[in-house]
Amino acid sequence: MTTLFKNIKELIQVRTEPVAFLSGKDMAILPTIKNAFLVVENGLIANFGEMAECPNNDFSEVIDATGKMMLPSWCDSHTHIVYAGNRESEFVDRINGLSYKEIANNGGGILNSAKKLQETSEDDLYKQSKLRLEEIIKLGTGAVEIKSGYGLTEKAELKMLRVIKRLKKNYPIEIKATFLGAHAVPANYKNNKADYLQMLIDDVLPKISEEKLAEYIDIFCETGYFSVEDTELILEAGKKHGLTPKIHVNQFTAIGGVQAGIKHGALSVDHLEEMRDEDIAALQNTNTMPVALPSCSYFLSIPYTPARKMIDAGLPLALATDYNPGSTPSGNMNFVISTACIKMKMTPEEAINAATINGAYAMGLEKEVGTISIGKQANLIVTEPINSYGFIPYSFGNHQIDFVYLKGKKWLVS
Ligand SMILES: N=CN[C@@H](CCC(=O)O)C(=O)O
Ligand SMILES: [Zn+2]
């Protein structure tokens, strides 16, 4: 099966040399080809270039993209889309003056979602979660990381991870799974956090590794949740089972979690709304990707990750949604890049690099997706007719996607 896309107004994020991720000033460079063609063969990108060089083969399918732009699908490296029910009532509580922390301290927040999930069957959880997966595919996401962390018991954490495994099997989108058992301390371990962590290490981790249910290990390193010491313990234990660290850190307070993540070889450190100079310095010249989640800042009215300061200090940055029922009930990467430009002063080039190749790196998929390069998966966005790629973040909240392709196949938008 070969598909030719011809007359593409602009083909965005074309890379002929392999790139793992982009940092600092390089983030401002977004290579494109105007009036381009692209060939897809058996689900992979096989060729691309200027229309003047367009091959004349017998293609199984020819798509005329006149007026439209094409780019690699968004790479969303941080989500919690496997969850049960919603938390609209907490949203109203916050409008009426309660803070996110006050709600959590009153038994709401993550514990509220955990209660709902524990009471939901695996089949029902799958049905609810697949709708969110289909929703983000329509919004242009072609690779996604999904976390557990709303189970908080052995049974419910494994249930979440098995649902992720089922989604992986049934959908053409790339999915990576993360074990986030240390998301909050469940009520029955309220005064016994150490025992809860030990239960995760002794009982849950071996089963995850046996059933190959996750690639990454995560923890919410935050005042009132898990300490730097807890973080080190969990990351070490995860590593023993072959899981790579990716952590929630510096969301409300900076307590040294960034440094702990780097020390344990974290692939990414995520949230980073509160960044001290020493946290930025610690990330320089490491292989750890900082990940910003602007929709979370928007929804909770908390500070935005200081992207300008970080990129100007030479750091890379990835953008992700954090789609979850509490702090970010939205999986729209288009809104994420708009918000990164509008609120974090990232340029469209920086935001698109952060949402494609840097996001791919943050989930270990930089060789498979994230750029228009020969041999990579043909996970593609075809835009509506637009004037420039800057229109995507500019036109915030509007839908600029005509079609998406996953592994070279058009995703039918129902
Ligand atoms: N901060 C920790 N975890 C999630 C939100 C959890 C929730 O409120 O349900 C996040 O990444 O924002
Ligand atoms: Zn999160």
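Residues numbered from 1 in each chain as written. Chains lettered and ligands numbered in written order. Predicted model: local features only at pLDDT ≥ 70, side-chain atom pairs only at ≥ 80, totals over all residues.

Caption draft 1: Representation of the overall build of the chain in the model. Each helix and strand counted, the chain has 15 helices and 16 strands in total. Its C-alpha radius of gyration of 21 Å places the chain within 12% of the 22 Å reference for a compact globule of 414 residues. With the C-alpha coordinates aligned to their principal axes, the bounding extent of the chain is approximately 70 × 45 × 45 Å. Burial statistics for the chain: of 414 residues in total, 53% are counted as buried. Pairs at least 24 residues apart make up 73% of the contacts formed inside the chain by residues separated by at least 6 positions. (Helix = DSSP H or I, 4+ residues; strand = E, 2+ residues; numbered from the N terminus. Rg over C-alpha atoms; globule rule 2.2 N^0.38 Å. Buried ≥ 20, exposed ≤ 12 C-beta atoms within 10 Å, placed from the backbone. Contact = placed C-beta atoms within 7 Å.)

Caption draft 2: Quick look at the domain arrangement of the chain. If you check the domain split of the chain, you get domain 1 (2-72 + 368-410) and domain 2 (74-361). The C-alpha-based centres of domain 1 and domain 2 are spaced at 29 Å. Each partner contributes to the interface: domain 1 provides 31 residues, whereas domain 2 provides 34 residues. Take the side of domain 1 that touches domain 2: its biggest share by element is 3 residues, from strand 15 (residues 401-406). (Domains from an automatic or database assignment.)

Caption draft 3: Here's a closer look at the nonpolar core. By size, the foremost hydrophobic cluster in this structure holds 128 residues, and its most contacted members are Leu38, Met70, Leu319, Ile337, Ala340 and Ala355. Here the element with the most residues in this core is helix 5 (residues 154-170); it accounts for 7 residues. Those residues in contact with methionine 70 that lie beyond four places of it in its chain are Phe5, Ile8, Leu11, Ile12, Leu38, Ala65, Leu380, Ile381 and Val382. (Core = buried A, V, L, I, M, F, W, Y, C linked by C-beta atoms within 7 Å.)

Caption draft 4: Spatial organisation of the UniProt feature "domain: Amidohydrolase-related" (unreviewed entry) in the chain. Per the UniProt annotation, the sites labelled "domain: Amidohydrolase-related" (unreviewed entry) are residues 69-409. With 42% helix and 18% strand, residues 69-409 has end C-alpha atoms that lie 17 Å from one another. (UniProt positions renumbered as here; feature names shortened; annotations may be inferred.)

Caption draft 5: Spatial organisation of the sheet that holds strand 10 (residues 244-249). Here we have 8 strands laid out as an open sheet, ordered 6-7-8-9-10-11-12-13, and parallel in their pairing. Each of the sheet's edge strands pairs with one partner strand only, and the pair in question is strand 6 (74-79) and strand 13 (318-319). Strand direction decides the pairing type here: strand 12 (residues 289-292) and strand 13, joined by 2 bridges, are parallel. What sits directly across from alanine 292, in strand 13, is leucine 319. (Pairing = 2+ DSSP bridges.)

Caption draft 6: Structural context of helix 12 (residues 333-344). Among the 12 residues in helix 12, 9 count as buried, and that is most of the element. Taken from the residues just after helix 12, lysine 345 is the one with a positive phi, measuring 60 degrees.

Caption draft 7: Geometry of the site of ligand 1. Gly109, Ile110, Ser113, Phe220, His248, Gln251, Cys296, Asp322, Asn324, Pro325, Gly326 and Ser327 make up every residue found near ligand 1. Split into classes, the residues belonging to the shell around ligand 1 amount to 4 nonpolar, 7 polar and 1 charged. (Near = placed C-beta within 6 Å. Nonpolar A, V, L, I, M, F, W, Y, C, P; charged D, E, K, R; others polar.)

Caption draft 8: Region of interest: the packing of helix 4 (residues 122-138) against helix 5. Packing of helix 4 against helix 5 leaves a shortest axis separation of 10 Å and a crossing angle of 50 degrees. Overall, the two elements helix 4 and helix 5 adopt an arrangement that is oblique. In this structure, helix 4 meets helix 5 at a crossing whose hand is right-handed. For the pair helix 4 and helix 5, contact is made by Glu122, Leu125, Tyr126, Ser129, Lys130 and Leu133 and by Lys159, Arg162, Val163, Arg166 and Leu167, respectively. A breakdown of the residues in the contact of helix 4 with helix 5 according to their chemical character gives 5 nonpolar, 1 polar and 5 charged. (Axes fitted to C-alpha atoms, helices over the stretch in contact; angles between N-to-C directions. Parallel < 35°, antiparallel > 145°, perpendicular 65-115°, else oblique. Left-handed = near helix turned anticlockwise from the far one by under 90°.)

Caption draft 9: Up close: the pairing of strand 6. Strand 6 sits mainly inside the fold: 6 of its 6 residues count as buried. Alignment of strand 6 against strand 7 (residues 141-147), held across 4 bridges, turns out to be parallel. Directly across from tryptophan 74, in strand 7, lies its bridge partner threonine 141.

Caption draft 10: Main features of the environment of valine 92. Note on placement: valine 92 falls in helix 1 (residues 88-95). Sequence separation between valine 92 and cysteine 341 is 249 residues, and the spatial gap between their C-alpha atoms is 28 Å.

Caption draft 11: Layout of the environment of alanine 292. Here alanine 292 shows up in strand 12. By the C-beta count within 10 Å, which is 29 here, alanine 292 ends up buried. Distance from alanine 292 to serine 113, taken between C-alpha atoms, is 23 Å for residues 179 residues apart in sequence. Alanine 292 has contacts with Leu272, Thr305, Ala307, Leu317, Leu319, Ala340 and Met344, leaving out every residue within four places of it along the chain.

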